[in-house]
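Residues per chain are reported as follows:
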Amino acid sequence: MKRIAILAAGILGLGSAAFADAIPKQGDFFLISRDRDGLFVGSHKLFTDYAEGLSKVSYCNRRYFVRSNSVAWTQVESQRGHRVQIEYNFGRGWRPICAGPERQVTLKDLGIDVHPEDLLAQAAVRTNSQNRLSAIGSGFDTTYHTP
């Protein structure tokens, strides 16, 4: 019985470890949108290291790497009347460190000549298409062949 409990705890721990990486942690930088009352609306992560699909940008004289969707999102959030800023997770909350990122980097700066709303709509269509294909593919997961 003890072995089963230890095994179950180990399996649950592995699952939560993968999920924990998605949770903001101390040292992370995020583009954060807040409404007129200062309440959280949404966020996009900024990266300090390059990875495929990211563009090098500078906000408040500091280098970051960002997705083009995130740049479009800052512009759309600002148009909606939300305050967008870069905030740093210092472990006990969030500290604003850079205001107005939507004015510092635009899609045109990334060489993208598309309206921010259109770019986000295209990304949503791609995501929905991938989700539909995943759902269809999962229907074929059951196999009747034996090894």
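Residues numbered from 1 in each chain as written. Predicted model: local features only at pLDDT ≥ 70, side-chain atom pairs only at ≥ 80, totals over all residues. Heavy atoms only, no water.

**Concerning the nonpolar core**
Leu46, Tyr59, Tyr64 and Ile86 are the most contacted members of the largest nonpolar core, which has 15 residues in total. Of all the secondary-structure elements, those providing two or more residues to this core are β1 (29-34), β3 (55-59), β4 (62-66) and α2 (68-79). The greatest single-element share of this core, amounting to three residues, is contributed by α2. Leaving out residues up to four positions away in the same chain, Ile86 has contacts with Phe29, Phe30, Leu31, Leu46, Tyr59, Tyr64, Arg95, Pro96, Ile97, Cys98 and Pro101. (Core = buried A, V, L, I, M, F, W, Y, C linked by side-chain atoms within 4.5 Å. Buried < 20%, exposed > 50% of the residue type's maximum accessible area, 1.4 Å probe, protein only. Helix = DSSP H or I, 4+ residues; strand = E, 2+ residues; numbered from the N terminus. Contact = heavy atoms within 4.5 Å.)

**Some remarks on the packing of aromatic side chains**
Aromatic rings considered in pairs are described by the distance between their centres and by the relative angle of their planes. If you walk through the whole model with that rule in mind, you get five aromatic pairs. Centre to centre, the rings of Phe29 and Tyr64 are 5.4 Å apart; their planes meet at 65°, and the pair counts as edge-to-face. Of this pair, Phe29 sits in strand β1 while Tyr64 is found in strand β4, placing the two residues 35 residues apart along the sequence. What makes Phe29 buried here is its relative accessible area of 8%. Residue Tyr64 is classed as buried on the basis of its relative accessible area, which comes to 1%. Judged by centre distance (5.0 Å) and plane angle (45°), the ring pair of Phe29 and Tyr88 falls under tilted. Placement of Phe29 in strand β1 and of Tyr88 in strand β5 (residues 83-89) is noted, with a sequence separation of 59 residues between them. By way of ring pairs, the aromatic residues Phe29, Tyr59, Tyr64 and Tyr88 are connected into one cluster. The residue whose ring lies beneath Arg95 is Phe90, and the NZ or CZ to ring-centre distance is 4.2 Å. (Phe/Tyr/Trp six-rings, centres within 6.5 Å; stacked < 30°, edge-to-face > 60°. Lys NZ or Arg CZ within 6 Å of the ring centre and 35° of its normal.)

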